[in-house]
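Summary of the model geometry
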Amino acid sequence: PSPSSNRKIVNPTSLSEKAMSCQPSEHDDIKSILMTANPTEQATVRHFLKKCLCCVMQHQPPEHNDIKFILMTANPTEQATVRHFLGSSSIKQSDTIFPYTYKTDPILCKVKVEPIRDEGDYDIFSINGHRGIHVRCGEIGSGGKIGSHVTTAKILEIARQRKWPLQVVFCVGCCGCSSDKTNLRGYVLLTRHLEDYNRGKMLPDKLHRVPQPYEMSGTWKGYMEEEAITCPDETAVYNEIKYENADAILSGDFLMRNKTQAEEIRGKRKCVGIEMEGKGIAEAFSIFSTFRRNDSFLVVKGVSDYAGSDKSEPATANWFGKDTESPVSDDERQRIAT
């Protein structure tokens, strides 16, 4: 704005949460706009303006102060599967997975579960008295890295403001896989290693990749491997969840449908998962460091395809220790993996 005596400077610390919501606030005197391109630029500007509040959510979480864990999903299929599993009456799933809910799960059937209550962008539920929130990145922002980054950053800020006893953020759903093995559709991948594979230098003759590594929660990964997944009640109907210890989850900006490229970014490792949301969550945890350092996150996903052309083709998948009787669609494999 050109210098003038009536120019108005807004103190960012005085802005209400409404002013930082998904719509511009009800001001009629806006004279300038700042736009940034990436999370680092965004965080720097917000730090300079003394305001570190993410601004792309249509709805605030309900007024609870006892949220201990968060489930994040990436697409409508994953979202509907989680809602079905946690008892949402508004979701109807396919015949393949319809019987499997918290009521038939060999662990959750033994504890008290308060089914999902849909509250806008958020699903509220509790397991054995521990309250959680389920939110889909795409509901409140774009998908992939940007959606997961925006969602995580906002929730971490809200958790700080409301003093939630938050312990962990889980990103659950389906992913691609590149592996020496060829029978992993339907398996859960467990690892504490996450990599952003979309980093490096463009040399004259090739792209030299320099992945950015992140460490996820080893405690929660160990619990799932040693107890929650591998030791359910053998008398239960759904008692065998196949899993694979992966070398890493590789997270990037591309929906991988090229087996050759998938093998290239896997390198010499035996098994990796390939997905799009993990690095956005990791960046949010590292940039928005106002949150307690002992809180953590974990990407836990099932394999729905081999990151190649098979993504769009019918194929079998492992469903609690057995392959499906006939090939199923990609949507169905996503539900099974989730």
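Residues numbered from 1 in each chain as written. Predicted model: local features only at pLDDT ≥ 70, side-chain atom pairs only at ≥ 80, totals over all residues. Heavy atoms only, no water.

**A word on the overall build of the protein chain**
Convention followed: Helix and strand definitions follow DSSP, with helices as H or I runs of at least four residues and strands as E runs of at least two, each counted in order from the N terminus. In this description, contact between two residues means that some pair of their heavy atoms is separated by no more than 4.5 Å. Note on areas: these come from Shrake-Rupley sampling with a 1.4 Å probe, and a residue is covered only by the protein chains present in the view.
Secondary structure summary: the protein chain contains eight helices and 16 strands in total. Pairs at least 24 residues apart make up 72% of the contacts formed inside the protein chain by residues separated by at least 6 positions. Entry remark: accessible area of the protein chain is about 17,800 Å², with carbon and sulfur atoms responsible for 51%.

**Focus on the confidence of the model for the protein chain**
Going by this rule: On a scale of 0 to 100, pLDDT captures the predictor's confidence in every residue.
Scored by pLDDT, the protein chain comes out at a mean of 81, with 79% of its residues at no less than 70. Here residues 1–5 is a poorly scored stretch, pLDDT under 50, and it has three contacts once near neighbours within four places are set aside; other chains count. Note that pLDDT drops below 50 for residues 51–58; the model gives that stretch 34 contacts with residues more than four away or on any other chain.

**Quick look at the state of the cysteines**
Stated formally: Cysteine sulfurs are considered disulfide-paired once they come within 2.5 Å of each other.
A full pass over the atoms with the stated rule returns zero disulfides. Note on cysteine 174: no disulfide assigned, nearest cysteine sulfur contributed by cysteine 175 at a separation of 7.3 Å.

**A look at helix α5 (residues 218–228)**
Note the threshold: Partly exposed describes any residue whose relative accessible area lies between the buried limit of under 20% and the exposed limit of over 50%, with all areas from a 1.4 Å probe on protein chains only and scaled to the type maximum. Throughout, the arc means the angular range of directions from the helix axis out to the C-beta atoms. By the criterion applied in these results, polar contacts are pairs of N or O atoms within 3.5 Å in which, for protein atoms, one can donate a hydrogen and the other can accept it, and in which residues neighboring in sequence qualify only through two side-chain atoms.
Within the span of α5, buried status applies to Lys221, Gly222, Met224 and Glu225. Buried positions in α5, seen along its axis, are confined to an arc of 160° and lie on one side of it. Across from the buried face of α5, at angles greater than 90 degrees, the exposed residues are Thr219 and Glu226. Here the buried face of α5 lies against β5 (168–179), β6 (188–190), β11 (243–245) and β14 (296–305). With a side-chain oxygen positioned 3.1 Å from the backbone nitrogen of tryptophan 220, the residue opening α5 is serine 217.

**Structural notes on unusual backbone geometry**
Of all residues except glycine, most have a negative phi; of all peptide bonds, most are trans. A positive phi angle, close to 55°, is found at asparagine 128, a residue other than glycine. With respect to the element layout, asparagine 128 can be found in the loop between β3 (122–127) and β4 (130–136). A positive phi is found at phenylalanine 320, a non-glycine position, where the angle reads about 55°. Summarising the element assignment, phenylalanine 320 is placed in the loop between β15 (318–319) and β16 (322–323).

**Points about the packing of aromatic side chains**
What counts, and what does not: In this analysis, rings of Phe, Tyr and Trp, with Trp reduced to its six-membered ring, are considered paired at centre separations within 6.5 Å, and the interplanar angle assigns stacked below 30 degrees, edge-to-face beyond 60, and tilted for intermediate values.
On inspection of all chains with the given rule, the structure shows eight aromatic pairs. Relative to phenylalanine 320, the ring of tyrosine 100 lies with its centre 4.8 Å away and its plane at 70°, an arrangement referred to as edge-to-face. Of the two residues, tyrosine 100 sits in the loop between α2 (76–85) and β2 (113–119) while phenylalanine 320 sits in the loop between β15 and β16, which places them 220 residues apart along the sequence. For the pair tyrosine 100 and phenylalanine 320, one class covers both residues: buried. What links up through ring pairs into an aromatic cluster is the set Phe85, Tyr100, Trp319 and Phe320.

**Some thoughts on helix α6 (residues 259–266)**
Buried within α6 are the following residues: Ala262, Ile265 and Arg266. Summarising the axial view, the buried residues of α6 lie within an arc of 105°, below the 170-degree limit, and thus occupy one face. The residue sitting at the N-terminus of α6 and contributing the capping side-chain oxygen is asparagine 258; that oxygen lies 3.0 Å from the backbone nitrogen of threonine 260. Looking one or two residues beyond α6, the residue adopting positive phi is glycine 267, at roughly 70°.

**A few points about the pattern of salt bridges**
One side chain can pair with another of opposite charge once the charged atoms of both are near each other. To keep it simple, the criterion reads: By convention in these notes, a salt bridge is any Lys or Arg side-chain nitrogen within 4 Å of a carboxyl oxygen on Asp or Glu.
Within this structure, the stated rule accounts for 19 salt bridges. Put simply, lysine 301 and glutamate 275 hold a salt bridge, and the shortest N to O gap is 3.0 Å. A residue pair is termed long-range when its members are at least 10 positions apart, and lysine 301 in strand β14 and glutamate 275 in strand β13 (residues 271–275) qualify at 26 residues. With respect to burial, lysine 301 and glutamate 275 carry one shared label: buried. The salt bridge involving lysine 301 is made with glutamate 277; its shortest N-O contact spans 2.7 Å. In this pair, lysine 301 sits in strand β14 while glutamate 277 sits in the loop between β13 and α7 (278–287), placing the two residues 24 residues apart along the sequence. For lysine 301, a relative accessible area of 1% puts it in the buried group. Taken together, the shared-partner salt bridges connect Asp305, Lys311, Asp330 and Arg333 into one network.

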